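# What the coordinates show
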Amino acid sequence: ILDDYVIWPAGVSEKIINFTLNKPSLVRINIVSIRSGSSANYTGSLSPGPRSISFTKQFVENTDVVARTEIAFTQLDLLDTLIRPYANKCETSNLPSIHTESGFYHFARDDMAVSVQDANNWRPKTMHFQVLEESLIYVRVEFEFLLSDFLIVLSGSLPAPIRGRNGWNTNEINTVLAPGIYDLTLYLTYGLPATLPYCPQYSLHILIAPAGHSLCTSSQLIMLPWDLNDNSGGSAGIGGPMKDNYVAITASGVYLFKKQNVYTPLSMDFEVSATSYMAVFTSLEQLWRTIEYELYPVSNSSAVTPIAEIEGEQHIALYKLTVSRPTKFRLKFIPDIFIDYQCPFFGLKLIIAPTSYIKTHTTCVGKGSFALPRKDVYIPEGQPYEENLEIAGFTPETFRQYSNSSGHLSYAIKFYVLEEYNIDVQISFNMVSNLFIATLESPPYFSLSGTYEPPNPSLPGGIVVHHLQATISPGNYTLFIRQDPINLGVEKPCFPFTWSFAMAPTDLPVVRSVEPSGGDFSVGYDLEIEIQFAFPVYNSSHHLITRTPESSVRPPLLPSEDDYTFWVLRFPWAQFRVNTPYTLKLKPNSVFDSRSRDIKLLYTHVYRILLSTEIPPVVHTPTISPEHSHFGTFLIYFGSITVFLAIGVCLIIFIWRRWKKPDYETKLDAEGESLVARMEEREKDRDNTAIELVETQGTTEDAPETSGGDLIKMDFKDDKDEDLSLIHI
């Protein structure tokens, strides 16, 4: 039960709520004064029977007082069933070391935890830091109100400590600091009774910037790493730090700071001890313009020129770092943006690799013949078409064959369509050695180039995906695979990639696109799959599906609100078994078009989580199952999930993860949905989901696994004049 505005009329000192419990229950109450921020909490394990809550205002005034009130109930036996199996499966997370040398600092993690043992014997944890100039600081800790409660306190060069303000499932500080030394302390002020072993989960977000800069409070963004070689240089958790001249980092959102609407350049340092290659990719899908790069040795500031580059909102540059001794470089990111956004950010993928890595991933020795896409494609009228090559590529001979004298590659695929078609092309490759693009042309007027998918943390190493989608009219077309000259300094290099080319008449009831279409993914990152339909889709009751069906592992994001044709599904990596193929399954007779025709997938999409950090040269693309025709029933399997494991994962994700992002929150909200009601609803929805996880047949190794009473009086001392400090039950 949530109420933003509980009004205490002038002269009234007490409010009473009556209720009856049918089973032993955990009760949790929080009340916060809107004006003063003073608060009071109650937690108790109560036996069945009639009960009443008495809220007492300590100081009776002649003015109305407004308070926010949150009350949560849950049955003890149900709660015990949900949390006990996972009580010993988490460890206490380390708090970050705050570095402010550059004036900026950002930390955001949604998967912080406190072990059961530490929760029962909690000692405050402190982070020390110093600011050298007047700075803004924003700190927020988020938690599940029913299961835990955290408090943050800022002290040091201040007249008095600053306590975080309570919000719904949050505690936060937002203030300005003078130059000085400070302590940021995290308190666990409430945990479940000892009879209910639980490791509290929380998210922590810290942002510091020089005064005058605009701050965005999104916990989904990170700060640009400042030193790729240092364990505490900001790259840990996104692929770093560097080891043996190799590092591959990916971040879907990196903060852009601005002061008076001017975006601040950012920089990162790194050191290599031998000749290496670096590819950097930034995506400004949310913004306009681009991010420019400047790369130079710190010692002499002589700019390094890229050996290949694709510029624009999606900017990719490939560099060769020629050194004979350890050399520190600085890579500068310069925003070229003229639009003012409230929360500006960019996506980043960067890989640095030694010459030996490049030779290994571009050599043709032992790889046999690379396949190339069909050059002349025949498409029967009204029929779909697909071609998937898991290991494609250009050998030195075929590269010369399809390149001009300057080394510009242009490989042409010709086809003709008799009616309107949807086309989907995906090329996956390692950007540290290749820079392919796909272009579709129909002279004299039609020409369309694809775009690079935004940096995806689950794609290993330097793997990127170039994606082209279009709806085309009847006519002749040529699909080009192109690449500008790249001089890697490697003798007779091969250029490997994977290939996915699918077409279907616009009226055919099939999935238009699945991205990524398949491949190997890094352990430690959730697998996010985007599904696009050619038109709005309906369920078996002929109701428009305006939200993605509940997955058995985690609620996906909402579809696009314009026409509900775009779905995003996110599957937690920890539930996968490593090096095991998984296949995406769209259940037959679960998703329909407006004419009640069953929508199908055109081909099989296979995925695999890699345990090893060794990065393969390309991402595997899907392969068509021989027993499936274009119009057959496509039974596609994704994940090794028995019913028991699926339910278990649902429960742990619900308790641990669901509150972390606004789209997935399971807070006890104004609609009156309780924890129990949400769980029951989730279990019913799970049986009706159109997307599910079933493991592709095979055997591989498993992935690593990742006090109260019936009468309580609680006093909270506060000097404010609206101290709502007494709660009685």
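As the structure is a prediction and not an experimental result, all values here were calculated from the model. (Residues numbered from 1 in each chain as written. Predicted model: local features only at pLDDT ≥ 70, side-chain atom pairs only at ≥ 80, totals over all residues. Heavy atoms only, no water.)

### Quick notes on the overall build of the protein chain
Applied cut-off: Strands here are runs of E lasting at least two residues and helices are runs of H or I lasting at least four, both read from the DSSP assignment and numbered beginning at the N terminus. Here's how the labels work: a residue is buried when its accessible area is under 20% of the maximum for its type, exposed when over 50%, partly exposed in between, all with a 1.4 Å probe on protein chains only. Every accessible area reported is derived by Shrake-Rupley at a probe size of 1.4 Å, with residue values counting cover from the shown protein chains alone.
A count of helical and extended segments in the protein chain gives six helices and 45 strands. With 729 residues in all, the protein chain has 55% of them scored as buried. Approximately 30900 Å² of the protein chain is accessible, and the part contributed by carbon and sulfur atoms is 50%.

### Some details on the pattern of salt bridges
Going by this rule: Between Lys or Arg on one side and Asp or Glu on the other, a salt bridge is scored when a side-chain nitrogen of the former is within 4 Å of a carboxyl oxygen of the latter.
Taken as a whole, this structure holds nine salt bridges when the rule is applied. One salt bridge in this structure joins D149 and R28, with 2.7 Å as the shortest N-O distance. Linking D149 in strand β10 (residues 148–156) with R28 in strand β3 (residues 25–33), this pair joins segments that are 121 residues apart in sequence. Each member of the pair D149 and R28 is classed as buried. In this structure, D598 and K600 form a salt bridge, with 4.0 Å as the shortest nitrogen-oxygen distance. It is possible to trace a salt-bridge network through shared partners that takes in D507, D593, R595 and R597.

### Structural notes on the state of the cysteines
Defined as follows: By convention in this document, the label disulfide applies to cysteine sulfur atom pairs within 2.5 Å.
Tallied over the entire structure, the rule returns one disulfide. Each sulfur in the disulfide pair C90 and C199 lies 2.1 Å from the other. Linking C90 in the loop between α1 (76–83) and β7 (105–113) with C199 in the loop between β14 (180–191) and β15 (201–210), this pair joins segments that are 109 residues apart in sequence. Like C90, the residue C199 is buried in the burial classification.

### Here we look at the confidence of the model for the protein chain
Threshold: One confidence number per residue, pLDDT, is output by the predictor and ranges from 0 to 100. Residue contacts are counted whenever heavy atoms from the two residues lie within 4.5 Å of one another.
The share of residues in the protein chain with pLDDT of 70 or more is 74%, and the mean pLDDT across the chain is 75. The least confident element of the protein chain is helix α6 (residues 675–686), whose mean pLDDT is 34; the most confident is strand β29 (residues 409–417), at 96. Low pLDDT (under 50) marks residues 548–561, which in the prediction has 57 contacts with non-local residues, meaning those over four places away or in another chain. Within the model, the stretch residues 612–689 combines pLDDT values under 50 with 218 contacts to residues more than four positions away or in other chains.

### Thoughts on the sheet that holds strand β13 (residues 170–177)
Under the convention used in this document: Note on pairing: two strands pair once DSSP finds at least 2 bridges between them. Here, axes are lines fitted to C-alpha atoms. For helices the fit covers the stretch in contact, and angles between N-to-C directions go from 0 to 180 degrees.
If you walk across this open sheet you meet the five strands as β7-β15-β9-β13-β12, and the pairing is antiparallel. Taken across any chain shown, the strands that pair with only one partner, and hence form the sheet edges, are β7 and β12 (165–167). Within this sheet the neighbouring strands show an average axis-to-axis angle of 15°, counted without direction. Across eight bridges, strand β9 (residues 135–143) lies against β13 in antiparallel orientation. The residue bridging S135 from the neighbouring strand is L177, located in β13.

### Details of the nonpolar core
We count it as follows: By convention a nonpolar core is built from buried Ala, Val, Leu, Ile, Met, Phe, Trp, Tyr and Cys residues, the set being connected through side-chain atoms within 4.5 Å.
Ranked by internal contacts, the top residues of the largest apolar core, which has 51 residues, are F394, F415, I472, W499, F501 and M503. M503 has contacts with I379, P384, Y385, F415, V417, Y421, N422, I423, I472 and L602, leaving out every residue within four places of it along the chain. By size, the runner-up hydrophobic cluster in this structure holds 41 residues, among which are L224, V272, V304 and F346.

### Some remarks on the side chain of Q483
Going by this rule: For this analysis, a polar contact is any N or O atom pair within 3.5 Å, provided that within protein one partner can donate a hydrogen and the other can accept it, and provided that sequence-adjacent residues contribute only side-chain to side-chain pairs.
Following the sequence through the fold, Q483 ends up in strand β35 (residues 475–483). In terms of polar contacts, Q483 uses its side chain to reach the backbone amide nitrogen of L435, at 2.8 Å.

### Focus on α1
Formally: Arc definition: it is the arc formed by the directions from the helix axis to the C-beta atoms.
Every buried residue belonging to α1 is among L76, L79, L82 and I83, and all of these are buried. For α1, the angular spread of buried residues about the axis comes to 125°, placing them on one side.

### Notes on the pairing of strand β24 (residues 314–321)
On a regular strand, one side chain projects to one face of the sheet and the next to the other, so that they alternate. Burial analysis of β24 places seven of its eight residues in the buried class, the great majority of the element. Linkage of strand β23 (residues 308–310) to β24, two consecutive antiparallel strands, is achieved through a turn of three residues, within which G312 is found at a positive phi near 135°.

### Some points on unusual backbone geometry
Peptide bonds are mostly trans, and most non-glycine residues show a negative phi. Cis geometry marks the peptide bond from G240 to P241; its omega dihedral reads 0°. Residue placement: P241 occurs in the loop between β16 (213–214) and β17 (247–255). Of note, the amide linkage connecting E515 to P516 takes the cis form, showing an omega dihedral of -5°. Located in the positive-phi region is S596, a residue other than glycine, with phi close to 65°.

### Some words on the pairing of strand β39 (residues 527–533)
By the criterion of burial, β39 is predominantly enclosed, with five of the seven residues buried. In the sheet, strand β37 (residues 511–515) pairs with β39 via four bridges, with the strands oriented antiparallel. Opposite V511, over in β39, you have F533 as the bridge partner. Relative to strand β40 (residues 566–571), β39 is paired through six bridges, and the arrangement is antiparallel. Along β40, the bridge assignment pairs E530 with V568.

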